[in-house]
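# Structural description and commentary
For reference, the chains in residue letters:
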Amino acid sequence: MHRILFLDPEFLQNIQAIRDHPADPEIIEAVTEALKRLPPETERLIRERFFEGLSLSEIAERSDIDFKEVVRAIYEGKRQLKILLSEFVKRRWGIKPEGICRVCGHPKRKEIERIVIKCNRSRSWGEICAAVEKATGERFHPPQILKAHIKHMNNNQKENS
């Protein structure tokens with residue numbers, strides 16, 4: 001189970017000691033919950049790769065999926081898990097993982113998205129940032145943080161449809 005937390009080398013680079021500990025129920029629960037939030041196919045591929053220890057070519061052959069598609073899906077699954085587990089890692093070990101979208105990892109993500117989508121057409125990005133700050137108490141500046149999140153969110157919606 002610990003292996004899932006180390007999918008990205010920079011993710012927990014300062015937590016070598018965790019690898020040497022026996023399975024921790026809190027970690028197991030966090031990883032299990034994060035896996036459940038992935039699309040079913042992605043969850044299956046992640047489980048086969050990191051829990052069953054299958055190679056990428058074995059997974060591609062077993063699933064009758066193109067090798068490059070398996071690589072892409074596992075990469076995307078690792079990225080999603082990094083986001084889903086970032087709050088747990090921050091709370092548990094006090095580490096703020098780098099390269100995590102500030103909106104995706106924010107506890108008020110849905111509220112932020114609602115504000116941005118609602119205001120996107122009628123207000124400037126400065127006004128949108130001010131509305132988000134008022135609602136969350138956190139400043140998202142420059143506006144590119146919110147713009148990038150919305151672009152990323154829209155791309156994910158297109159892929160999932």
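Please refer to the structure higher up on the page.
Residues numbered from 1 in each chain as written. Predicted model: local features only at pLDDT ≥ 70, side-chain atom pairs only at ≥ 80, totals over all residues. Heavy atoms only, no water.

Here is a general trend for soluble globular proteins: nonpolar side chains tend to be buried in one another's company. Leu35, Ile46, Ile59, Ile74 and Leu81 are the most contacted members of the largest nonpolar core, which totals 20 residues. Listing elements by their share of this core, those giving two or more residues are α2 (25-36), α3 (40-51), α4 (56-63) and α5 (67-93). Filtering out sequence-adjacent residues up to four positions away, leucine 35 remains in contact with Glu43, Ile46, Arg47, Phe51 and Leu81. The next biggest cluster of nonpolar side chains, apart from the first, holds 13 residues, and it includes Ile115, Val116, Val132 and Met153. (Core = buried A, V, L, I, M, F, W, Y, C linked by side-chain atoms within 4.5 Å. Buried < 20%, exposed > 50% of the residue type's maximum accessible area, 1.4 Å probe, protein only. Helix = DSSP H or I, 4+ residues; strand = E, 2+ residues; numbered from the N terminus. Contact = heavy atoms within 4.5 Å.)

Moving on, we come to the side chain of glutamate 48. For glutamate 48, the location among the structural elements is in helix α3. Side chain to side chain, glutamate 48 and arginine 44 meet in a polar contact 2.8 Å long. Once residues within four sequence positions are removed from consideration, glutamate 48 is found in contact with Gly53, Leu54, Ile59, Arg62 and Ser63. (Polar contact = N/O pair within 3.5 Å; in protein donor to acceptor, adjacent residues only side chain to side chain.)

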